[in-house]
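Descriptive analysis of the structure
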Amino acid sequence: METIISTKPLLAVLVSLIATILIAITGERARNLRETWTILAAVTKFGIVISMLPDILNGKVIEYTLLKITPELILQFKVDALGIFFAITASFLWIITSFYSIGYMRGLKEHAQTRYFAYFAIALSATMGVAFSANIFTAFLFYEIITVSTFPLVAHKETEEAKRGARKYLTYLLGTSVAFQLTAIVITYNISGNLNFSYKGVFGGNVSHLIITITFLLYIAGITKAAIMPLHSWLPAAMVAPTPVSALLHAVAVVKTGVFMVIRVVLHIFGIDLLKNLDLGTILAVIASFTIISASVIALRQDNLKLRLAYSTVSQLSYIVLGVALLTPSGITGSVMHIVAHAFGKITLFFTAGAIYIATHKTKISELDGIGRQMPFTMGAFTVGALSMIGIPPFSGFISKWYLSLGALEAGDIFVLAVLATSTILNACYFMPIVYVAFMKEPKPDPHHHGYNSTAIHEAPVFAVAPLVLTAIGTVLIFFYPSFFLEIIKIIVANVTGGN
Amino acid sequence: MNISDHSSILIIVIPLIASIINIFISLFKRSLCYSFFLLILGICVILSIDILSNVINSGTIRYKLGGWMPPWGIEYVVDHLNAYIIAIVSTMSLIIAVYSKESIKQEVPEPKLPYFYSTYLLLTTGLLGIAITGDIFNLYVFLEIASLAGYALIAIGEKRSVLASFNYIIMGTIGACFYLLGVGYIYIMTGSLNITDLSLLLPNLYESKVMLAALAFLVVGVAIKIALFPLHRWLPDSYTFAPSAVSAFASATMTKVGIYVLIRVSFTLFEPRFFTEITPLSSILVWWAIVAIFFGSIIALAQTDFKRTLSYILIAEVGYMVFGVSLGNKQGFIGAVLHILNDAVMIACLFMIAGGLMYRVGSRNLENFLGLNKSMPITMAAFTIAALSMIGIPPTAGFFSKWYLILGAIEAEQWIGAIALLFSSLVNAIIFFKLLEKIYFAKKDNIPKHKFPELPFSMLAPIVILALSILVIGASTGKIISKVIQFTVPGGF
Amino acid sequence: MEIIIGKYNYWIYIALMMIGFYAMITKRNLVKKLVGMNIFQTAIILFFISTAYKKNATIPILIKSQEVIDPAQYINPLPHVLMLTAIVVMVSTFGVALAVIIMLYKQYKTLDEDEIIEQLE
């Protein structure tokens, strides 16, 4: 495999860090300039990431060694197909989220906007860092930076509730990563003397099965960002954050970093063969299945829209984990595909939740009667997102679910198929009622606004609505043109299965 | 005559004599004292760098005092470990000396400042002496010079510091006496006091019970000096009530030099195999350290006074280093030696910030951190770095020493130890994130109306330098290990 | 029995040490603690000195007329020298401790530890 040495991955990471500095310097005085930096950084970042794509598609990898701290702990970037896939998704959605953030923050006249945009940029830098990490140490470093830099975003409102949520967020993410993930990394190094992600895994043949199993479980428990039960409850707690944060970070960047790390660990630390031999994939699949079903059931009972979305996220993230746990080509394809499919769908849903909040200050599902008539664009996009989550064509969610089911059949696992079917029904059960009440029910008279015509169109500002319409369209486009993504996934699968 | 040949004696003699000259200078012109004081410490830093580079380039330096041949005369032996400790001590003493200019003004009346400077120089002399000498009795003398200066410096702090200092005197003297007793046993058996000579003589005597008693006395004596739980009682009060600069200096160097003595005694004076195989001492120390880590961390959690919190964290950190040293494998040892540097920088930085808090706000209570990012943004940024390093988040220095320590623990299959290290990281995370939340997310109406100005430059600069060096040290961990630390690892690991 | 009588010097030093230790730990009066500390240190000095002693040996001074020097005839001078240094250390410690006690007395007008702690609270 050809390796190119290039600073591009470093630039992709640095560009938003530079933006952070510019944002901090510009500050509240020149808001338009400050927002320009965000947009500029987002676009540049996406440009850099995309510019690496042709080489990757030609089967090359791009490497850049930043710093050899010690002989074994090296800060190194390596762009492979899996990394660039995640990077494209995250950096593209950052552009859209940036516009949405502007609409949201200004629409609600939020405080401390400079801090918000600055930390947002840091979080994205770190996300790129995770995507392009060449070894688990570098990934761990950026993983921790994400945790720390999103803490101020979660605590943004500075109320007691926000602080409590942020504390829980930090305790779960930092606590488990220091306690479990770091231990797992140390054990990995102790056994194999190698921390680099490699296509066949790093462990040699003759390692104690018990140690491997323990290490594997430590990794799974340590990568809490994937919100695998029972270590998921930081995600609902983090919903106190402003909606754009929930949208990009808790539907895309942060949680996807988690599942991305799980995929990395499964494929590139342990390797398919080892996990198959030890039957550890099944354990992971069972945990993931449990998460899918129980998170969906909990979602049914949530009245707060964002909380329902959060539990839906918990369940959907485990699709990705489940797919990779199947350890078959189609399973992996479905799993990776679901990263982008879920990202587009869920970000749309969060955007709509935010737009509803901007326009009406409503957060509860029971208050949404007839809101579709006030906000047709928003609720239309919501419907698209919901259908995609359920997995109905012609929306992106269908593609990934299709491959996941194929993967389950390949693995000969009827149980997994049953889980997917059950969860689809549950998804429909918690999403469709929202769509139904929004469009079919008569709006309840609003006690606070006498004489206020609640059937007239009353949308959120265009900065907030345009992005969600765009992502909804994206959901449809992915369904019709999935080949762009499937090409990359083909390389990912070929790498780990040895070209078959 | 090449000055460089004599730098190992000059680094002791210069601050020692300067501490007396300083008093005379104060008789003529008191304002000159501070400049003189800084100059001397600056010279020490240059000498220590010279020593370090000599050691790196040409190996161990042996300096015979007065031309007497060892083992009869006193010999100064500087190998990589000594040079490393000397560099840490002298650099920290200079940085904290810069810091002390403003901070000490509030704590010591102006006419008495020259005495403070002299005592500070004596403390530096003592610490450097411990690190440089190759003679176990000479080491005792320097240990007492450092301790005496330490008692005096601590006693000039707040009202309660005097009692703390007295308790420290009692405990410290017991520790020193135990050490002396250990020296006595060794002397009876061998008739020698030179470490190099002893390391050749002692292996024949390993079967003797006296050696075990000697090592036990030495280790317990040192354990008191480094405040290894449960012999830590003197530390929290002393470091809490001492003047800010003294807390910073003492916490950064005194315990670290103690760890150095532990390493020397366990691995140079005796062979590692005596420490790990013939006697059960290493496993006793490992468990002892684990208890210290747990204890220090848990108690730290319950404190409301910032300096006291730091003191208990320091007790846990001492546990880290003793743990790493006594694991008896290479990784753990590297971790411990690396942590000597990292912890010195981190804890000094945090104690200096605590001092800054006292300087501006006038209280050390944790509640005073509320909304401090508005008034002291730079200090608080430095605090954030130091805090992250304490928790052990990469790429700060704290992560790397913890990495090696955990690696060592796993290699020794000391799982409880690994858990203790992680547990302490988590406790630090709780402590420091609580503070960070107070600093950055205080409710508007809770923040005191009065805005404090940022610290004066001479206090701010040392804090910032240390905070930045946490990052730099973290990034150059590999270099430090390959240039210095790997040569300190005792043979047989 | 032989152990006790034959090595009585060690027993004495242990006894002295324990007396000092006892005083340091149990006495509440700070000066008494200090005296205990002094006894403790003295015990160690005695220990060193007694190890140097040999029966029927002479003081270690070279006499010009004597031609052959037999080390067995002399008391080992080195422990004495070491103890000179140790005494200096001891005296300085004592000095610092007394200074601290004076400061304490000025502050609290008492030297009883319990009373001082009471005043602190």
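Cut-offs applied
- Residues numbered from 1 in each chain as written.
- Chains lettered and ligands numbered in written order.
- Predicted model: local features only at pLDDT ≥ 70, side-chain atom pairs only at ≥ 80, totals over all residues.
- Helix = DSSP H or I, 4+ residues; strand = E, 2+ residues; numbered from the N terminus.
- Rg over C-alpha atoms; globule rule 2.2 N^0.38 Å.
- Buried ≥ 20, exposed ≤ 12 C-beta atoms within 10 Å, placed from the backbone.
- Contact = placed C-beta atoms within 7 Å.
- Nonpolar A, V, L, I, M, F, W, Y, C, P; charged D, E, K, R; others polar.
- Pairing = 2+ DSSP bridges.
- Axes fitted to C-alpha atoms, helices over the stretch in contact; angles between N-to-C directions.
- Parallel < 35°, antiparallel > 145°, perpendicular 65-115°, else oblique.
- Left-handed = near helix turned anticlockwise from the far one by under 90°.
- Expected span 1.5 Å × (residues − 1).
- Core = buried A, V, L, I, M, F, W, Y, C linked by C-beta atoms within 7 Å.
- pLDDT = per-residue confidence, 0-100.

**Some words on the overall build of chain C**
A tally of helices and strands in chain C yields five helices and zero strands. For chain C, the succession of helices and strands along the chain, N to C, is α-α-α-α-α. Here chain C has a C-alpha radius of gyration of 20 Å; the compact-globule value for 121 residues is 14 Å, and the former is much larger. Taken along its principal axes, the extent of the C-alpha atoms in chain C is 70 × 40 × 15 Å. With 121 residues in all, chain C has 24% of them scored as buried. For chain C, the share of sequence-separated contacts (at least 6 apart) that also reach a separation of at least 24 residues comes to 47%.

**Points about the overall build of chain B**
Assigned secondary structure in chain B consists of 20 helices and two strands. By the compact-globule yardstick of 23 Å for 493 residues, chain B fits well, its C-alpha radius of gyration being 22 Å. Projecting the C-alpha coordinates of chain B onto the three principal axes gives extents of approximately 70 × 60 × 40 Å. Counting contacts in chain B only where the partners sit at least 6 residues apart, residues at least 24 apart contribute 80% of the total.

**Structural notes on the interface of chain B and chain C**
Between chain B and chain C, the residue contacts involve 21 residues of the former and 25 residues of the latter. Contributions of two or more residues to the side of chain B that touches chain C are made by helix H5 (136-155) and helix H6 (161-190) of chain B. The element contributing the most residues to the side of chain B that touches chain C is H6 of chain B, with twelve residues. Counted by class, the side of chain B that touches chain C contains 15 nonpolar, three polar and three charged residues.

**Examining the environment of Leu113 of chain B**
Residues and elements named next belong to chain B. Tracing the backbone shows Leu113 in helix H4 (residues 113-132). Considering only alpha carbons, one finds Leu113 and Ile290, 177 residues apart in sequence, at a separation of 41 Å. If sequence neighbours within four positions are ignored, Leu113 has contacts with Cys33, Ile104 and Val108.

**A short note on the interface of chain A and chain B**
Between chain A and chain B, the contact holds 24 residues from the first and 24 residues from the second. Counting residues per element, the side of chain A that touches chain B draws most heavily on helix H6 (residues 160-192) of chain A, at eleven residues. Split into classes, the residues belonging to the side of chain A that touches chain B amount to 16 nonpolar, four polar and four charged.

**A closer look at unusual backbone geometry**
Backbone torsion omega between Phe229 of chain B and Pro230 of chain B reads 0 degrees, so that peptide bond is classified as cis. With respect to the helices and strands, Pro230 of chain B occurs in the loop between helix H8 (209-225) and helix H9 (234-241). The omega torsion of the bond from Pro394 of chain B to Pro395 of chain B falls at 5 degrees, within 30 degrees of zero and hence cis. Position of Pro395 of chain B among the secondary structure elements: in the loop between helix H16 (377-391) and helix H17 (397-411). Residue Ala227 of chain A is not a glycine yet carries a positive backbone phi of 55 degrees. Along the chain, Ala227 of chain A falls in the loop between helix H7 (209-222) and helix H8 (234-237). The buried category is assigned to Ala227 of chain A, around which 30 C-beta atoms lie within 10 Å. The phi torsion at Lys109 of chain C lies on the positive side, around 60 degrees, for a residue other than glycine. As for its position among the elements, Lys109 of chain C is in the loop between helix H4 (78-108) and helix H5 (113-120).

**Some details on the pairing of strand E2 (residues 61-68) of chain A**
Residue and element names in this part refer to chain A. Of the strand pairs in this sheet, strand E1 (residues 3-5) and E2 are connected by three bridges, and their pairing is parallel. What sits directly across from Ile5, in E2, is Glu63. Inspection of the sheet shows E2 paired to strand E3 (residues 74-79) by six bridges, in the antiparallel sense. Considered in E3, the bridge of Thr65 is made with Gln76. Counting the residues between successive antiparallel strands, the hairpin from E2 to E3 contains five residues.

**Remarks on the sheet that holds E1 of chain A**
Sheets are built from strands that pair by backbone hydrogen bonding, the pairs being arranged parallel or antiparallel. Residue and element names in this part refer to chain A. If you trace the three strands from one edge of the open sheet to the other, you get E1-E2-E3, paired in mixed fashion. Looking at which strands have only one partner, the edges of the open sheet turn out to be E1 and E3. Strand-to-strand twist across the sheet, computed as the mean angle between neighbouring axes with direction ignored, equals 30 degrees.

**Points about the packing of H6 of chain A against H17 of chain B**
One way to put it is that H6 of chain A packs onto H17 of chain B with a least axis distance of 10 Å and a crossing angle of 60 degrees. With respect to each other, H6 of chain A and H17 of chain B are oriented oblique. By crossing handedness, the relation of H6 of chain A to H17 of chain B is classed as right-handed. Only Ile406, Leu407, Ile410 and Glu411 of chain B of H17 of chain B make contact with H6 of chain A, whose side of the interface consists of Val186, Ile187, Tyr189 and Asn190 of chain A. In the contact of H6 of chain A with H17 of chain B, the residues fall into six nonpolar, one polar and one charged.

**Section: helix H5 (residues 136-154) of chain A**
Taking 1.5 Å as the rise per residue, H5 of chain A with 19 residues should run 27 Å; its terminal C-alpha atoms sit 26 Å apart, in good agreement. For H5 of chain A, a buried count of 19 out of 19 residues is recorded, marking the element as mostly surrounded by other parts of the structure.

**A short note on the nonpolar core**
In this structure, Val321 of chain A together with Ala348, Cys349 and Ala386 of chain B are the most contacted members of the largest nonpolar core, which totals 435 residues. No other element matches the 20 residues that helix H14 (residues 330-360) of chain B contributes to this core. Contact partners of Ala348 of chain B, with chain neighbours within four places excluded, come to Met92, Ile96, Ala248, Ser251, Ala252 and Leu466 of chain B.

**Describing the confidence of the model for chain C**
Residues of chain C with pLDDT of at least 70 account for 95%, and the chain-wide mean is 84. Averaged pLDDT values for the elements of chain C fall to 72 in helix H1 (residues 2-6) of chain C and rise to 90 in H4 of chain C.

**Comments concerning H16 of chain B**
Residue and element names in this part refer to chain B. The terminal C-alpha atoms of H16, which comprises 15 residues, lie 21 Å apart, in line with the 21 Å expected from a rise of 1.5 Å per residue. Within H16, eleven of the 15 residues are buried, leaving the element largely enclosed by the surrounding structure. The set of residues buried in H16 consists of Thr379, Met380, Ala382, Phe383, Ile385, Ala386, Ala387, Leu388, Ser389, Met390 and Ile391. Contacts made by the buried residues of H16 are with helix H13 (306-326), H14, helix H15 (372-375), H17, helix H18 (415-440) and helix H19 (457-475). Backbone geometry just after H16 places Gly392 at a positive phi near 95 degrees.

**What to know about the packing of helix H12 (residues 305-325) of chain A against helix H13 (residues 329-360) of chain A**
Angle between the axes and distance between the axes: these two values describe a pair of packed helices. Residues and elements named next belong to chain A. In contact at an axis separation of 8 Å, H12 and H13 are set at 170 degrees when each is read in the N-to-C sense. With respect to H13, the element H12 is oriented roughly antiparallel. The residues of H13 that touch H12, namely those facing Leu305, Lys306, Leu309, Thr313, Gln316, Tyr319, Ile320, Gly323 and Val324, are Gly331, Ile332, Gly334, Ser335, His338, Ile339, His342, Lys346, Leu349, Phe350 and Ala353. When grouped by side-chain class, the residues that make up the contact of H12 with H13 number ten nonpolar, eight polar and two charged.

**Comments concerning the environment of Phe493 of chain B**
Residues and elements named next belong to chain B. You can see Phe493 is positioned in the segment after helix H20 (477-488). The spacing of Phe493 and Pro272 is 221 residues in sequence and 8.1 Å in space, taken between C-alpha atoms. Setting aside anything within four residues of it in sequence, one finds Phe493 in contact with Pro272, Asn329, Lys330 and Phe333.

**Looking at the environment of Asn29 of chain C**
All names here are of chain C. Mapped onto the elements of the fold, Asn29 is located in the loop between helix H2 (8-26) and helix H3 (30-52). With 85 residues separating them along the chain, Asn29 and Asp114 place their C-alpha atoms 8.6 Å apart. Not counting residues up to four positions away in its chain, the partners in contact with Asn29 are Leu111 and Asp112.

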